[in-house]
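Summary of structural features
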Amino acid sequence: MIDKQVAKGKDPFKKQSTKKSKKEGDDKFLTPTKFSQEIERLVKTSGGLISYIEAVVTYCAENEIEIETVPKLLSKPLKERLRHEAERLNYMKATSKGVLPL
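Residues numbered from 1 in each chain as written. Predicted model: local features only at pLDDT ≥ 70, side-chain atom pairs only at ≥ 80, totals over all residues. Heavy atoms only, no water.

For the rest of this paragraph, the subject is the nonpolar core. Grouped together as the largest cluster of nonpolar side chains are 16 residues, with contacts concentrated most on Phe35, Ile39, Val56 and Leu78. Elements represented by at least two residues in this core include exactly α3 (32-45), α4 (52-62), α5 (70-73) and α6 (76-88). Sequence-distant contacts of Leu78, that is, excluding residues within four places in its chain, are made with Phe35, Ser36, Ile39 and Tyr52. (Core = buried A, V, L, I, M, F, W, Y, C linked by side-chain atoms within 4.5 Å. Buried < 20%, exposed > 50% of the residue type's maximum accessible area, 1.4 Å probe, protein only. Helix = DSSP H or I, 4+ residues; strand = E, 2+ residues; numbered from the N terminus. Contact = heavy atoms within 4.5 Å.)

Following this line, the structure appears as structure tokens:
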């Protein structure tokens, strides 16, 4: 077998790579971009029936992701949407950036 590989110009001692499809490799690690896209998709496909907060909780439950790991997965735009929603629902105190007292 080594003689056949040498004859073809291949290195017989080179480690053979096992190619996996992109889909398999991508599912192992969740990036903030992928997480945000999935949350956006859930909210849009629900037609307004599910909020961003509910979408995050649902996605984590379905994919067995611990809620404690979510802050690492939040992109800046998604953080802003969640913050706005939480303020609107009075879960958080409203921030008053840039407002000067009169």
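Now for the pattern of salt bridges. Applying the stated rule across the entire model yields three salt bridges. Two residues, Glu38 and Arg41, come together in a salt bridge whose shortest N-O distance is 2.8 Å. One end of the pair is Glu38 and the other is Arg41, both in helix α3 and three residues apart, which spans about a single turn. For Glu40, the salt bridge goes to Arg81, with nearest N and O atoms at 2.9 Å. Taken together, the residues span a long stretch of sequence, with Glu40 in helix α3 and Arg81 in helix α6 at a distance of 41 residues. For Glu40, a relative accessible area of 15% corresponds to the buried category. (Salt bridge = Lys/Arg side-chain N within 4 Å of Asp/Glu carboxyl O.)

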